[in-house]
Amino acid sequence: MPTTTDPRPLTGEPLALDLLNTRWMHEGAVQDLLTDTEGLSVWLAANELNHVADEATLRHVLQARDALRTVVDGSLEDGADRVDAVLAHGRMRPTLSPRGPGERAEFKDPTWAPAWLAARNYLELLATAPDRIRHCAHDSCILHFFDTSRNGTRRWCSMASCGNRAKASRHYARTKEG
């Protein structure tokens with residue numbers, strides 16, 4: 001159980017985007033939740049991942065975050081190999097239980113589990129609605145979100161923070177001109 005509360009301004013996004021959101025801006029400086037295993041413990045708990053927050057897991061999660069940042073903020077061409085390198089450490093095994101067919105993730109090295117699950121989640125988002133994976137439209141925000149709005153026009157990570165700042169900036173510019 002983490003001893004620290006989650007300090008991030010945006011949580012609850014799909015796992016892949018939530019991993020990207022372990023870096024955020026605060027008062028003009030980049031903050032990073034994953035600087036140590038305590039931060040990793042906070043992220044694991046926030047995503048209900050029952051996994052030990054050790055140095056190896058932190059290293060693998062950081063590798064996955066960098067790979068995901070490359071494909072989300074760059075291009076699939078630039079980052080596909082990096083995401084595939086993370087995905088090479090696990091697989092989905094088909095299963096059959098009394099409830100019917102299912103799947104179970106398997107890992108040769110369990111320290112790859114959280115990183116692999118985040119990379120796999122990105123593939124699921126791409127398969128479902130790739131155009132709904134968004135970067136906040138505010139110039140100084142580095143957060144990502146999955147647009148679940150009905151018409152798919154969400155622009156801000158949060159209307160209360162980034163959306164409000166953008167509106168205030170536009171209002172100030174208009175009043176300054178007049």
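The following paragraphs examine the structure supplied in this document. (Residues numbered from 1 in each chain as written. Predicted model: local features only at pLDDT ≥ 70, side-chain atom pairs only at ≥ 80, totals over all residues. Heavy atoms only, no water.)

Considering the overall build of the chain
Counted only if it meets this: Secondary structure elements follow DSSP: runs of H or I no shorter than four residues count as helices, runs of E no shorter than two count as strands, and numbering proceeds from the N terminus. Categorising residues by exposure relies on relative accessible area from a 1.4 Å probe, with only protein chains included: less than 20% of the type maximum marks a residue as buried, more than 50% marks it as exposed, and the intermediate range marks it as partly exposed. By definition in these notes, contact holds between two residues if any of their heavy atoms fall within 4.5 Å.
Assigned secondary structure in the chain consists of 6 helices and 6 strands. In the chain, the order of α-helices and β-strands from amino to carboxyl end is α-β-β-α-α-α-β-β-α-β-β-α. Within the chain, buried positions represent 38% of all 178 residues. Here the analysis covers contacts within the chain between residues at least 6 apart in sequence; of these, 47% occur between residues at least 24 apart.

Points about the pairing of strand 4 (residues 100-107)
Selection criterion: What makes two strands pair is DSSP finding at least two bridges between them.
Here 8 bridges tie strand 3 (residues 90-97) to strand 4, and the two strands are oriented antiparallel to one another. Counted as the bridge partner of R93 is R104 from strand 4. Between the antiparallel neighbours strand 3 and strand 4 lie 2 residues.

What to know about the pairing of strand 2 (residues 29-32)
Pairing of strand 1 (residues 23-26) with strand 2, which is carried by 4 bridges, proceeds in the antiparallel orientation. For H26, the partnering residue across the bridge sits in strand 2 and is A29. A loop of 2 residues connects strand 1 with strand 2, the two strands running antiparallel in sequence, and E27 in this loop sits at a positive phi of about 50°.

Section: the side chain of T57
This is how the line gets drawn: Under this definition, polar contacts are N or O atom pairs within 3.5 Å; protein pairs additionally need one hydrogen-donor-capable and one acceptor-capable atom, and for neighbouring residues in sequence, both atoms have to be side-chain atoms.
Mapped onto the secondary structure, T57 falls in helix 3 (residues 55-73). With a relative accessible area of 0%, T57 lands in the buried category. A polar atom in the side chain of T57 sits 3.2 Å from the side chain of H51. In contact with T57, not counting residues within four places along its chain, are L40, H51, V52, T111 and P114.

What to know about unusual backbone geometry
Its identity is not glycine, yet E27 carries a phi of approximately 50°, on the positive side. Assignment of secondary structure puts E27 in the loop between strand 1 and strand 2. In this structure, E48 takes a positive phi of about 55° despite not being glycine. Summarising the element assignment, E48 is placed in the loop between helix 2 (37-46) and helix 3. According to the relative accessible area criterion, E48 is exposed, its value standing at 73%.

Examining helix 4 (residues 76-87)
Rules: Arc, as used here, means the arc of the directions from the helix axis to the C-beta atoms.
Residues of helix 4 that are buried: G79, V83, V86 and L87. Buried residues along helix 4 cover an arc of 95° about the axis, so they all sit on one side. Of the residues in helix 4, the exposed ones pointing more than 90 degrees away from the buried face are E77 and D81. On its buried side, helix 4 packs onto helix 3, strand 3 and helix 5 (113-128).

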